[in-house]
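Notes for the structure review
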Amino acid sequence: MLQLTRIRRPGVLLVLATAAASGNAAPFSLDAAPGRLPKDVVPLDYTIAVVPDLEAKTFTGTETVTLRVRAPTGRLVFNSLNERLRDVRLDGKPAGEVVSDDHEQLTTVTLNHVAAVGRHTLTFAYSGTLETQPHGLFVQPFNKPDGAHAMLLSTKMESTDARRMLPCWDEPAFRATFGLTMTVPVGWATVSNMPVARRSVHGSLATVTFRRSPRMPSYLIEFTGGDIAALSARVGSTTLGIWAARGREQDGSTALANAQQILADYNDYFGFPYPLPKLDSIAVPGGFSGAMENWGAITYTDQALLLTKSSTMQGRQDVFSTQAHEMAHQWNGDLVTMGWWDDIWLNESFASWMAAKETALRNPQWKWWEARTPTKRPRWTPMRAAPRMRSSSM
Ligand SMILES: [Zn+2]
């Protein structure tokens, strides 16, 4: 994730990255990873089908989750928000009580039988709410280049909003594969983490199934659908796409050239080629501030990706460095994910340092590192002592 307001201060983040490199982090342990959800049940694979209703701002869905039960249990606990589940079954057998608590953002399924250690299949149907702000699956109104009013759907999940689109184990230590199907207006183009596997048209709607994702945390799930179009190119075996509202895709030509350079350099630098078949970058018109590194489908607010003849040098620099930041996350954050959010600083600081390195490499005339040195140091002020907590509030 990159907030636009952070772009100009990676120097501070570099210090943090250096500090981290000298530390001794323990190897990852699922049991030791912080989190609220019990670790006795872990998701392995999700199959999700969602049918949005743009007018009503709601959606219906079905979900199948392959689970690994690590210790016998009589209940399943996972995240949900503003969703109602029905016909909940484990291995085809109806569950007992199902309680979705929106305050706690949890659904608790009490089973009629204790689930033994091993693989199980959880299935249910559900309904939810399309958001109007960039949290979960949201509706974004925008004006097309010809001035016509339109809507598109997009997603933003980090840190804890995947649960608004699909009930799930919405913590970064729970990596699973995701198979997503979306039903949208027939004229829409659709983008997700993986390429489209199949598309069927029925009347005014199309149902699109994407190829299954690699194992990843839920906060990296992406879907965008709307009257959008792309420019594309290839780097090795990877297809790059720059998506924008149809009619504005040519404004992504600089971003496409940037992405070709950055991907080639990062494949070399990381010593591990970008592992997905494609990498899309999506300009969400007026979407949200900054950009989000969803694996294989990075979303940007349109001004952070698209450039016109009247764009300033500052705008061109912001586009390149933002792309370099989000593409660094495709390895650092997506391929390898922190166990919990207390290590997000390392994820972000490395992406910012890598972005500065790459921006300087490809644009030496910008003297990027020099520009990273703050001309005005922020005045240091001591933190005020926190008010002493009363014992009754602890
Ligand atoms: Zn970031």
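Quick look at the environment of Asn112
Counting through the fold element by element, Asn112 comes out in strand 7 (residues 106-115). In this structure the C-alpha to C-alpha distance between Asn112 and Lys93, which are 19 residues apart in sequence, comes to 8.7 Å. Other than its neighbours up to four places away in sequence, Asn112 contacts Pro94, Ala95 and Gly96. Here Pro94 takes part through its backbone oxygen, which lies 3.0 Å from a polar atom of the side chain of Asn112.

Some words on the nonpolar core
The biggest cluster of nonpolar side chains holds 96 residues, and the ones touching the most others in it are Tyr46, Leu76, Leu122, Leu137, Leu166, Trp169 and Met182. Counting residues per element, this core draws most heavily on helix 2 (residues 253-270), at 6 residues. Residues within four places of Leu122 in sequence aside, it is in contact with Glu63, Thr64, Val65, Leu67, Leu76, Phe78, Val88, Arg89, Leu90 and Trp169. Membership of the second largest hydrophobic core comes to 11 residues, among which are Ala150, Ile228, Trp243 and Val284.

As for the packing of aromatic side chains
Aromatic rings considered in pairs are described by the distance between their centres and by the relative angle of their planes. The final tally for this structure, using the stated rule, is 16 aromatic pairs. On the basis of an interplanar angle of 65° and a centroid distance of 4.8 Å, the ring pair of Tyr219 and Trp341 is categorised as edge-to-face. Placement of Tyr219 in the loop between strand 14 (205-210) and strand 15 (223-226) and of Trp341 in the loop between helix 3 (313-328) and helix 4 (344-362) is noted, with a sequence separation of 122 residues between them. With a centroid separation of 5.9 Å and an interplanar angle of 85°, the aromatic rings of Tyr266 and Trp331 are classed as edge-to-face. In this pair, Tyr266 is assigned in helix 2 and Trp331 in the loop between helix 3 and helix 4, connecting sequence segments 65 residues apart. A relative accessible area of 0% means that Tyr266 is categorised as buried. The class for Trp331 is buried, based on a relative accessible area of 4%. Aromatic ring contacts, followed pair by pair, group Tyr266, Tyr269, Phe270, Tyr274, Trp331, Phe350 and Trp353 into a single cluster.

Rules behind the numbers
Residues numbered from 1 in each chain as written. Predicted model: local features only at pLDDT ≥ 70, side-chain atom pairs only at ≥ 80, totals over all residues. Heavy atoms only, no water. Helix = DSSP H or I, 4+ residues; strand = E, 2+ residues; numbered from the N terminus. Contact = heavy atoms within 4.5 Å. Polar contact = N/O pair within 3.5 Å; in protein donor to acceptor, adjacent residues only side chain to side chain. Core = buried A, V, L, I, M, F, W, Y, C linked by side-chain atoms within 4.5 Å. Buried < 20%, exposed > 50% of the residue type's maximum accessible area, 1.4 Å probe, protein only. Phe/Tyr/Trp six-rings, centres within 6.5 Å; stacked < 30°, edge-to-face > 60°.

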